[in-house]
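# Geometric and topological summary
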Amino acid sequence: MIPINSMEIRKNITNDEHELLVAGRVDGEGANQLELDVLASIRAGARVIYVNLSQANFLCSAGIRVLLQYWRQQKNAQRALLVTRPSPEAAAALSMTGFQDQLVEKI
Amino acid sequence: MNFVLKKNCPAEKRRLLSALETFARDHSLSAEARHAADLALEEHLTNISSHGSSGPEEVEVHIRVELRDGILQVEVRDDGPPFDPTTHPAPDLTLPLEQRPVGGLGIHMMRTVMDELHYRREGGSNVLVMRKRL
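Residues numbered from 1 in each chain as written. Chains lettered and ligands numbered in written order. Predicted model: local features only at pLDDT ≥ 70, side-chain atom pairs only at ≥ 80, totals over all residues. Heavy atoms only, no water.

## Some thoughts on the overall build of chain A
- When helices and strands are tallied, chain A shows 4 helices and 4 strands.
- Dimensions of chain A, computed from the C-alpha atoms along their principal axes, are close to 35 × 25 × 25 Å.
- For chain A, buried positions account for 52% of its 107 residues.
- In chain A, the share of contacts with a sequence separation of at least 24, taken over all contacts with a separation of at least 6, comes to 64%.
- For chain A, the exposed surface amounts to about 5000 Å²; the carbon and sulfur share of it is 48%. (Helix = DSSP H or I, 4+ residues; strand = E, 2+ residues; numbered from the N terminus. Buried < 20%, exposed > 50% of the residue type's maximum accessible area, 1.4 Å probe, protein only. Contact = heavy atoms within 4.5 Å. Areas by Shrake-Rupley, 256 points an atom, 1.4 Å probe, with all protein chains shown as cover.)

Pasting the structure below:
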């Protein structure tokens, strides 16, 4: 269990698919860390980046900006970035900003 | 709850979050109401930091959170340049991802999670009052 006011990212790599497991609070500070981790995956040649938000209990607009920015960058490079299993809080943030249908992986 | 944020840095914001958690617990706020206040504050503090005149970290922000007559009220006062978030145009949520602007979502999120936003310029300060009916 991580403290309520912090964020952790664990990474699972299978060939060229990277899964970022984000736990905790994606606030401004967390969004900066998320951006660094997404960039590291892109530099490592990830074809698909899955951002698993099942344990993210807070998602602000700065976090959504990172997701949108690198969704575009990956798409332009014929690659992909997808959000998976958003928590209720993350799903609400994505939904109220109109990103739920387009950024979240359809199962 | 009264709180003065003297620097927009992670340690100060963690202190603010702890104070908000204590307030929510003491007043038996629902998780939804606590989260709404938290998100609205996060977004507004980011905006203050972006629009402030003294650099992104040099701010002094006075925050008051009250619960009265079934209404959660968050008042934020800063002495930066005039900035009225209530006049900010709503984003077009129907655009495809390729055409969506990267910024401008924070105020929309504040409007969505809170029921009312009121702005006034008072004595050289911006005062934003956000209310949520419980």
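## Considerations on the packing of helix 1 (residues 10-26) of chain B against helix 2 (residues 31-51) of chain B
All names here are of chain B.
- Direction vectors running N to C along helix 1 and helix 2 enclose 155°, while the axes themselves pass 11 Å from each other. Considering the angle they form, helix 1 stands roughly antiparallel to helix 2. Note that helix 1 runs across helix 2; the crossing there is right-handed. Contacts between helix 1 and helix 2 pair Lys13, Leu16, Leu17, Leu20, Glu21 and Ala24 from the former with Arg34, Ala37, Asp38, Leu41, Glu42, Leu45 and Thr46 from the latter. (Axes fitted to C-alpha atoms, helices over the stretch in contact; angles between N-to-C directions. Parallel < 35°, antiparallel > 145°, perpendicular 65-115°, else oblique. Left-handed = near helix turned anticlockwise from the far one by under 90°.)

## What about the pattern of salt bridges?
- Scanning the entire structure with this criterion turns up 18 salt bridges over all chains.
- Here B:Glu98 makes a salt bridge to A:Lys75, at a shortest N to O gap of 2.7 Å. Of this pair, B:Glu98 sits in the loop between strand 3 (71-78) and helix 3 (106-113) while A:Lys75 sits in helix 2 (residues 61-76), which puts the two residues in different chains.
- Given the relative accessible area of 40%, A:Lys75 is considered partly exposed. (Salt bridge = Lys/Arg side-chain N within 4 Å of Asp/Glu carboxyl O.)

## Focus on helix 1 (residues 28-43) of chain A
Residues and elements named next belong to chain A.
- Counted at 1.5 Å a residue, the expected span for helix 1 with its 16 residues is 22 Å, and the 23 Å between its end C-alpha atoms agrees.
- For helix 1, every residue scored as buried is listed here: Gly30, Ala31, Leu34, Glu35, Asp37, Val38, Leu39, Ser41 and Ile42.
- Looking at the buried residues of helix 1, the elements they touch are strand 1 (7-14), strand 2 (17-26), strand 3 (48-59), helix 2 and strand 4 (80-84).
- The backbone nitrogen of Glu29 lies 3.2 Å from a side-chain oxygen of the residue at the head of helix 1, namely Asp27. (Expected span 1.5 Å × (residues − 1). Polar contact = N/O pair within 3.5 Å; in protein donor to acceptor, adjacent residues only side chain to side chain.)

## So, the interface of chain B and chain A
- Each partner contributes to the interface: chain B provides 25 residues, whereas chain A provides 25 residues.
- Summing the contributions of chain B and of chain A, the shared interface buries around 2200 Å²; its carbon and sulfur component is 62%.
- For the chain B face of the interface with chain A, the top three residues by lost area are B:Leu97, B:Val102 and B:Met109, together amounting to 30%.
- Here chain B and chain A share 4 salt bridges between them. (Buried area = accessible area lost by both parts, 1.4 Å probe.)

## Describing the sheet that holds strand 2 of chain A
All names here are of chain A.
- In space, the 4 strands of this open sheet follow the order 1-2-3-4, with mixed pairing throughout. With partners counted over all chains shown, the strands left at the sheet margins are strand 1 and strand 4, one partner each. Geometrically, the sheet is characterised by an average inter-axis angle of 20° between neighbouring strands, direction not taken into account.
- Where strand 2 and strand 3 come together, 9 bridges link them in parallel fashion. Following the sheet pairing, His18 is matched in strand 3 by Ile49. (Pairing = 2+ DSSP bridges.)

## Examining the packing of aromatic side chains
- Evaluation of the coordinates by the stated rule reveals 0 aromatic pairs over all chains.
- For the cation-ring pair, A:Arg25 lies above A:Phe58, with the distance from its terminal atom to the ring centre recorded as 3.9 Å.
- The residue whose ring lies beneath B:Arg100 is A:Phe99, and the NZ or CZ to ring-centre distance is 4.2 Å. (Phe/Tyr/Trp six-rings, centres within 6.5 Å; stacked < 30°, edge-to-face > 60°. Lys NZ or Arg CZ within 6 Å of the ring centre and 35° of its normal.)

## Digging into the nonpolar core
- Residues A:Leu34, A:Leu53, A:Leu67, A:Leu94, B:Ile63 and B:Met130 are the most contacted members of the largest nonpolar core, which totals 66 residues.
- Counting residues per element, this core draws most heavily on helix 2 of chain B, at 8 residues.
- Residues in contact with A:Leu34, not counting those within four places in the same chain, are A:Met7, A:Ile9, A:Leu20, A:Val22, A:Val26, A:Val51, A:Gly63, A:Val66 and A:Leu67. (Core = buried A, V, L, I, M, F, W, Y, C linked by side-chain atoms within 4.5 Å.)

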